[in-house]
Amino acid sequence: MSTVVIDKPGSLRIADSERPEPGAGEAVVRVAYAGICGSDREIFAGTRPDPYVRYPIVPGHEWSGTVESVGTGVNPALVGRKVVGEGFRNCQTCDACRRGDSNLCEAPYSETGFTEPGAWSDWLRIPARLLHTLPDDADLRSAAGLEPAACVAAAALYADVQPGERVAVIGGGMLGLLAVQLLRAASPAELVVVHTRTSRAALARECGASELVTVDSADALAGRFDAVIETAGAPGAAHQAVALTRRGGRTVLTGIPSAEDTPLDPTELVLAQATVLTVFGAPPRAWTHAVRAFAAGILNPGLLVTHEVPFDNAPEAFRILTEERGKVLKVLLHP
């Protein structure tokens, strides 16, 4: 039984797991799989802003598992159910929470895997209200990708793609290809992925894209698309997303660009009567959308898993992410 602990930037150790007892309103989950994303690498590197991490920390905000036990006030029928869960430990009482935007909770920041112990462990204790149940036959390896899927589900809901529209996704990584899977369900006439390398073309088509084009060649498609979702967060990606969107169209930005990136030009946005929306995390409605799509077979994050590593060999996962970057989409840790 193992738990991965990052005591401070650059310092990772494997500790023994102890099964926690659930408190009132809580559930204890036996973790099946837990993903690694860019923010977890920031924790290890020490580049995550101070207010958004608390050392020492057990990371892990992307996960799947089975409920082992519940505390008082929780329906006992939850025991034995396969689940995933939201990360934001929201207050439920502020204006943002009451309007359904709990990812924008006004209380001090608290999130599983960043300020509260996460799922890089055999056990996870979490408020039961944050859990989403899955079908009994759900593939937990695939379900571990539902947290990033919920984030792009928020973008897909904003994009509001209608049948027959032309759609583009900037970025052919994990987020971009999950977005493609969700967007294809709306039956767009065209669903183009813009990526740095053509090596992802076959996988993009398997996810539902009609075509993959490179970042440079995409400039010829300026003004073509009714809706564009940007998932890359790379310098220039937001500009390209706006440029590809037709006048009066919808652009949704999910990537966080570097501070050195050039800001969008408000004059261009006004002249194009552009609608530009942004996504930070995932509110409950986006989680519900992603979980329903997964249960219906529309969404399969498992297609994007390239590596699996046991918890007690977590350093190898970071080596893979550093040294084999071009071959990696999603690395999962597991007991």
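Worth saying up front: this structure is predicted, and the values here are computed from it rather than measured.

Visitor: What exactly am I supposed to notice about the overall build of the protein here?
Guide: In terms of helices and strands, the protein carries 10 helices and 15 strands. In terms of overall dimensions, the protein is globule-like: its C-alpha atoms have a radius of gyration of 20 Å, near the 20 Å expected for 335 residues. The principal-axis extent of the C-alpha atoms belonging to the protein is close to 55 × 40 × 40 Å. Taking all 335 residues of the protein together, the buried fraction comes to 54%. Taking the intrachain contacts of the protein between residues at least 6 apart in sequence as the baseline, contacts between residues at least 24 apart amount to 70%. Within the structure as shown, the protein displays about 14700 Å² of accessible surface, and the carbon and sulfur contribution to it stands at 50%. Counting 30 positive and 39 negative side-chain charges, the protein places the averaged centre of each group 3 Å from the other.

Visitor: For this particular structure, what's the right way to read the packing of aromatic side chains?
Guide: In this description, a pair of aromatic rings is defined by centroid distance and the angle of the planes. All chains considered together, the criterion is met by 4 aromatic pairs. Ring centres of F44 and F318 lie 4.7 Å apart, and the angle between their planes is 35°; this geometry places the pair in the tilted category. Note that F44 is positioned in helix α1 (residues 38–45) and F318 in helix α10 (residues 314–323), a separation of 274 residues in sequence. Ring pairing ties together the aromatic residues F44, W120 and F318, which thus form one cluster. The residue whose ring lies beneath R48 is F114, and the NZ or CZ to ring-centre distance is 3.9 Å.

Visitor: Any chance you could explain helix α5 (residues 174–184) here in plain terms?
Guide: A turn of α-helix holds 3.6 residues, and therefore any two residues three or four places apart point the same way. Counting buried residues in α5 gives 9 out of 11 residues, a clear majority hidden from the surface. Within α5, the full set of buried residues consists of M174, G176, L177, L178, A179, V180, Q181, L182 and L183.

Visitor: Any chance you could explain the packing of helix α4 (residues 146–159) against α5 here in plain terms?
Guide: Angle between the axes and distance between the axes: these two values describe a pair of packed helices. Across the interface, α4 lies against α5 with an axial gap of 9 Å and an inter-helix angle of 55°. The angle between the axes of α4 and α5 places the two elements in the oblique class. Once α4 is placed against α5, the crossing between them reads as right-handed. Facing α4, whose interface residues are P148, A149, V152, A153 and A156, α5 presents M174, L175, L178, A179, L182 and L183. Residue composition of the contact of α4 with α5, grouped by class: 11 nonpolar, no polar and no charged.

Visitor: Explain the nonpolar core to me, please; I cannot follow it from the model alone.
Guide: As a rule of thumb, nonpolar side chains are buried together in soluble globular proteins. Judged by nonpolar contacts, the single largest core of 52 residues is most densely connected at L134, L146, L183, L299 and L304. Here the element with the most residues in this core is α4; it accounts for 10 residues. With residues near it in sequence (within four places) discarded, L146 still touches V84, L134, W287, A290, V291, F294 and L299. Of all hydrophobic cores here, the second largest spans 32 residues; its members include A27, W63, V67 and L78.

Rules and cut-offs
- Residues numbered from 1 in each chain as written.
- Predicted model: local features only at pLDDT ≥ 70, side-chain atom pairs only at ≥ 80, totals over all residues.
- Heavy atoms only, no water.
- Helix = DSSP H or I, 4+ residues; strand = E, 2+ residues; numbered from the N terminus.
- Rg over C-alpha atoms; globule rule 2.2 N^0.38 Å.
- Buried < 20%, exposed > 50% of the residue type's maximum accessible area, 1.4 Å probe, protein only.
- Contact = heavy atoms within 4.5 Å.
- Areas by Shrake-Rupley, 256 points an atom, 1.4 Å probe, with all protein chains shown as cover.
- Lys, Arg positive; Asp, Glu negative; His and termini not counted.
- Charge placed at Lys NZ, Arg CZ, Asp CG, Glu CD.
- Phe/Tyr/Trp six-rings, centres within 6.5 Å; stacked < 30°, edge-to-face > 60°.
- Lys NZ or Arg CZ within 6 Å of the ring centre and 35° of its normal.
- Axes fitted to C-alpha atoms, helices over the stretch in contact; angles between N-to-C directions.
- Parallel < 35°, antiparallel > 145°, perpendicular 65-115°, else oblique.
- Left-handed = near helix turned anticlockwise from the far one by under 90°.
- Nonpolar A, V, L, I, M, F, W, Y, C, P; charged D, E, K, R; others polar.
- Core = buried A, V, L, I, M, F, W, Y, C linked by side-chain atoms within 4.5 Å.

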